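Remarks on the overall topology
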Amino acid sequence: MGQIKVKGKMQRLAVINDNRVVGRAVRYSTVKADELVSYAAGSSHIPEATLRAATLAMKEAISYFVLNGHHVNLGKFGILGIRSKQKSATDAEQVKADLVKRVTIGFTPSVEIKQAIASMRIQTEV
């Protein structure tokens with residue numbers, strides 16, 4: 001089970017034009033890819049060099065498929081895919097590439113991850 005810490009911070013809320021204490025999750029450091037591979041190698045008993053090569057291949061495969069319009073199912077983690085915002089047209093002949101306003105990468109968490117988040121322990125930090 002996961003655990004996060006929440007810390008209060010005084011902040012002006014424009015909607016109500018008042019200062020209030022707002023709880024925010026404490027953000028820890030960003031885990032680098034090398035640290036992730038080292039951890040996984042230690043817990044899986046797969047040689048680190050083998051795991052590093054497999055990780056690189058997976059990154060390239062995910063990039064290839066997502067950047068070519070596919071959604072990639074990452075199992076218990078969730079799904080990655082392209083999302084876009086575009087202007088509408090009155091008929092199909094007017095649909096052109098310049099109607100696309102923004103393209104981003106979207107992530108949809110799996111049911112397992114959503115359940116894990118729902119059961120996380122939240123601890124307040126003073």
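Structure report, in brief. (Residues numbered from 1 in each chain as written. Predicted model: local features only at pLDDT ≥ 70, side-chain atom pairs only at ≥ 80, totals over all residues. Heavy atoms only, no water.)

1. Details of the overall build of the chain
Counting its secondary structure elements, the chain contains 3 helices and 6 strands. Ordered by position from the N terminus, the helices and strands of the chain form the series β-β-α-α-β-β-β-α-β. For 126 residues, the compact-globule estimate of 2.2 N^0.38 gives 14 Å, and the C-alpha radius of gyration of the chain, at 21 Å, exceeds that figure by more than 25%. Dimensions of the chain along its principal axes, counting C-alpha atoms only, are 60 × 55 × 25 Å. Looking at the 126 residues of the chain, the share that counts as buried comes to 9%. If you sum the accessible surface of the chain, you get close to 10,500 Å²; carbon and sulfur atoms cover 59% of it. (Helix = DSSP H or I, 4+ residues; strand = E, 2+ residues; numbered from the N terminus. Rg over C-alpha atoms; globule rule 2.2 N^0.38 Å. Buried < 20%, exposed > 50% of the residue type's maximum accessible area, 1.4 Å probe, protein only. Areas by Shrake-Rupley, 256 points an atom, 1.4 Å probe, with all protein chains shown as cover.)

2. What about the sheet that holds strand β1 (residues 3–13)?
An order of β2-β1-β6 is seen for the 3 strands of this open sheet, with the pairing classed as mixed. Both outer strands of the open sheet, β2 (18–25) and β6 (121–125), are each paired with one neighbouring strand and no more. Pairs of neighbouring strands in the sheet enclose a mean axial angle of 35 degrees, with direction left out of account. Of the strand pairs in this sheet, β1 and β6 are connected by 5 bridges, and their pairing is parallel. Directly across from V6, in β6, lies its bridge partner T124. (Pairing = 2+ DSSP bridges. Axes fitted to C-alpha atoms, helices over the stretch in contact; angles between N-to-C directions.)

3. Details of the pairing of β2
Taken together, the 8 bridges between β1 and β2 define a ladder with antiparallel strand orientation. Residue pairing for β2: V6 is matched across the bridge by A25.

4. A short note on the environment of V6
Mapped onto the fold, V6 is located in strand β1. Separated by 66 residues in sequence, V6 and V72 place their C-alpha atoms 32 Å apart. V6 has contacts with G23, R24, A25, V26, I122, Q123, T124 and E125, leaving out every residue within four places of it along the chain. (Contact = heavy atoms within 4.5 Å.)

5. With respect to the packing of aromatic side chains
Counting across every chain of the model gives 2 aromatic pairs. With a centroid separation of 5.2 Å and an interplanar angle of 75 degrees, the aromatic rings of Y64 and F65 are classed as edge-to-face. (Phe/Tyr/Trp six-rings, centres within 6.5 Å; stacked < 30°, edge-to-face > 60°.)

6. Observations regarding helix α1 (residues 33–44)
Residue pairs three or four apart in sequence face the same way in an α-helix, which turns once every 3.6 residues. For α1, which comprises 12 residues, the first-to-last C-alpha distance of 16 Å matches the rise-based estimate of 16 Å (1.5 Å per residue) to within 8%. Positive phi shows up at H45, right after α1, with a value of about 60 degrees. (Expected span 1.5 Å × (residues − 1).)

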